[in-house]
Amino acid sequence: MKSIDLLIPHFKSQWRVVGMGLLSLIVVDGLQLTIPRVIKRAVDDLAALDADFGSLGVQAAFIAAMALFIGIFRYVWRRCLLGTARRLEAALRNRLLAHIQTLSADYFDTVKTGDLMAHATNDIQQVRMAAGMGLVAFNDALVLGAAAVGFMLYIHVQLTLYVLIPMPFIVLSTRLLGKRMHQRYRKVQAVFADMTEVIRERFAGIRMIKAHNSEAAAARAVKQTSQAYIAENIRLVGVTGLFFPMMMLLTNLSLALVLFFGGRRTILAEISPGDFVAFISYLNLLAWPMMALGWVTNLIQRGGASLDRLKSILEREPGIRNRPHAHRLDRVRGRIDFQSLYFSYGRQMVLEGIDLNVSAGEMVGIIGPPGSGKSTLLDLVPRLYDVTRGRIALDGHDLRDLNLSDLRRNIAYVPQEPFLFAGTIRENLLFGCSDACRSALARVVADAGLETTIRNFPHGMETVVGEKGILLSGGQKQRIALARALLVDAPIVLLDDPISQVDTVTGRLVSETIAGLVGRRTLLIVSHRLSAVRNAHRIVTLQNGRISEIGSHEQLLASAGYYARVHAMQELENAL
């Protein structure tokens with residue numbers, strides 16, 4: 001297991017608990033190994049006709065006492081070892097989530113949500129099984145197996161050698177099949193991730209599926225991925241299925257050898273009947289270590305494959321992070337300079353040669369046809385992506401030289417597609433809000449035109465909006481996202497099409513609220529509805545990733561360019 005270093009720190013921090021668990025497990029093994037010795041004495045006494053009710057009662061009480069202690073110590077080791085495995089599971093999941101949140105936006109452009117869900121659930125569960133029951137099975141295979149063989153050697157060496165004849169076959173088969181098991185486990189986990197993503201998409205898009213009467217197509221897609229998952233598991237079973245039948249076969253072969261050769265030695269009085277019964281008891285105890293050897297191989301290979309998948313994510317470095325000596329931001333004025341800026345998604349150039357200086361407190365509108373790079377330009381300001389060439393400066397400092405947390409703390413951002421969590425309206429409004437800004441909640445709700453909307457809900461602010469705000473209209477979600485941004489007292493506000501999904505009256509109210517921020521905050525507003533940007537100090541038109549015109553509302557109307565044409569069309573639409 002090349003990725004075992006992920007687990008070592010956790011086990012080091014829990015070494016006392018793990019040590020107590022292993023010690024309790026060894027005590028249980030020792031007590032189990034003692035019971036056949038008691039049985040041997042009872043059988044020998046019975047065979048010699050020396051047994052009486054008193055001696056049998058003492059021996060029975062001794063076995064009952066050991067059974068009680070076995071139960072107590074078994075509880076201790078399960079609490080310690082399996083509890084440690086559960087805490088490891090939680091620690092790995094928390095570490096995975098914390099690391100994923102540091103990764104850059106371009107990572108999430110390529111990875112599937114279902115794959116991440118599979119990592120956070122199934123992969124971590126497999127690691128937990130390997131670290132918990134895998135450790136138990138390994139200990140039993142080593143300690144219980146070795147001790148059982150030792151007691152059997154003590155009873156009769158030659159008979160023990162007969163029993164050990166199958167052992168080389170077990171070791172050889174484990175070595176041959178182990179690598180193939182690991183490879184097939186990784187394929188199973190990968191297909192499980194694909195299946196999780198397909199099912200997640202169908203659940204998330206259930207309304208679209210029903211609206212297009214595509215239930216049958218959705219069911220076929222899920223069925224296909226399920227069949228692929230089953231096929232990979234069957235291929236895996238083709239390997240793992242050999243282990244347990246092989247263990248049972250070899251164990252029963254050992255039992256047959258003991259019955260034949262051990263029975264003869266008992267008849268010839270080379271060993272006593274009690275030793276013969278004890279030997280068979282030790283053989284039965286040895287059966288579990290032999291099976292555990294196959295099971296622990298199964299668990300470790302499965303856990304190792306999952307651990308490799310987790311490590312590949314945890315070793316991934318975020319593309320956007322703080323430089324070694326990043327500057328802290330104490331006070332932000334809000335001046336933003338785009339200097340010879342170029343940006344591309346892979347080979348596709350999206351923005352080219354952008355030069356734009358935005359003064360502190362200035363309102364700048366950004367318009368342009370779809371795909372011109374408007375939203376991308378906003379995404380570069382909080383460093384969701386980094387520029388390909390050129391630079392963006394905040395108050396004269398390159399964004400890449402600033403502390404990332406400080407930068408984003410000073411920016412309020414409303415994306416084009418607002419995201420709401422499946423909580424209440426109040427929880428969504430207060431997301432990312434410190435205690436200091438909660439007092440402004442009522443004012444911000446009014447500024448965003450939400451007062452009437454919230455009043456009409458039976459539970460008001462405590463109304464649960466459902467997954468992604470499904471109970472709300474597009475305009476209501478947009479206004480909640482806007483209110484959430486206004487609630488954060490940030491000197492820079494980025495608004496991506498803030499009134500695209502609201503009616504004209506509400507749009508006018510929101511535009512007036514935005515205009516009230518002019519002079520107090522630096523505003524960058526992307527919009528397809530020109531009414532949202534007409535009062536801006538300057539309006540920038542982006543076409544094919546370049547600035548094609550820039551000026552005030554009146555200047556752009558006089559230039560008869562893209563802005564003037566769109567304005568004329570929207571005025572005609574409003575008139576009609």
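These remarks concern the structure in this document. (Residues numbered from 1 in each chain as written. Predicted model: local features only at pLDDT ≥ 70, side-chain atom pairs only at ≥ 80, totals over all residues. Heavy atoms only, no water.)

1. With respect to the overall build of the chain
- Broken down by element type, the chain carries 21 helices and ten strands.
- In terms of overall dimensions, the chain is more spread out than a globule: its C-alpha atoms have a radius of gyration of 35 Å, far above the 25 Å expected for 576 residues.
- For the chain, the spread of C-alpha atoms along the principal axes amounts to about 120 × 55 × 45 Å.
- Across the 576 residues of the chain, 48% fall into the buried class.
- Only carbon and sulfur atoms are counted for the fraction: they give 59% of the accessible area of the chain, which is about 29,100 Å².
- Here the chain contributes 64 positive and 49 negative side-chain charges, whose respective centroids are spaced 4 Å apart. (Helix = DSSP H or I, 4+ residues; strand = E, 2+ residues; numbered from the N terminus. Rg over C-alpha atoms; globule rule 2.2 N^0.38 Å. Buried < 20%, exposed > 50% of the residue type's maximum accessible area, 1.4 Å probe, protein only. Areas by Shrake-Rupley, 256 points an atom, 1.4 Å probe, with all protein chains shown as cover. Lys, Arg positive; Asp, Glu negative; His and termini not counted. Charge placed at Lys NZ, Arg CZ, Asp CG, Glu CD.)

2. A look at the packing of aromatic side chains
- Under the counting rule described, the total for this entry stands at seven aromatic pairs.
- Geometrically, the ring pair formed by F343 and Y345 is edge-to-face, given 4.9 Å between the ring centres and 90° between the ring planes.
- Among the residues examined, F343 registers a relative accessible area of 3% and is labelled buried.
- On the accessibility criterion, Y345 (32% relative accessible area) is partly exposed.
- Here a set of aromatic residues connected by ring pairs shows up, and it is made of F343, Y345 and Y385.
- Its end group placed over the ring of Y342, R389 keeps NZ or CZ at 4.1 Å from the ring centre. (Phe/Tyr/Trp six-rings, centres within 6.5 Å; stacked < 30°, edge-to-face > 60°. Lys NZ or Arg CZ within 6 Å of the ring centre and 35° of its normal.)

3. Brief notes about the side chain of T463
- Mapped onto the elements, T463 comes out in the loop between helix 17 (451-456) and helix 18 (474-487).
- In contact with T463, other than residues within four places in its own chain, are G423, T424, I425 and F457. (Contact = heavy atoms within 4.5 Å.)

4. Quick look at the sheet that holds strand 1 (residues 336-345)
- If you trace the four strands from one edge of the open sheet to the other, you get 2-1-4-5, paired in antiparallel fashion. Edge positions in the open sheet fall to strand 2 (348-358) and strand 5 (397-398), since each of these has one partner strand only. (Pairing = 2+ DSSP bridges.)

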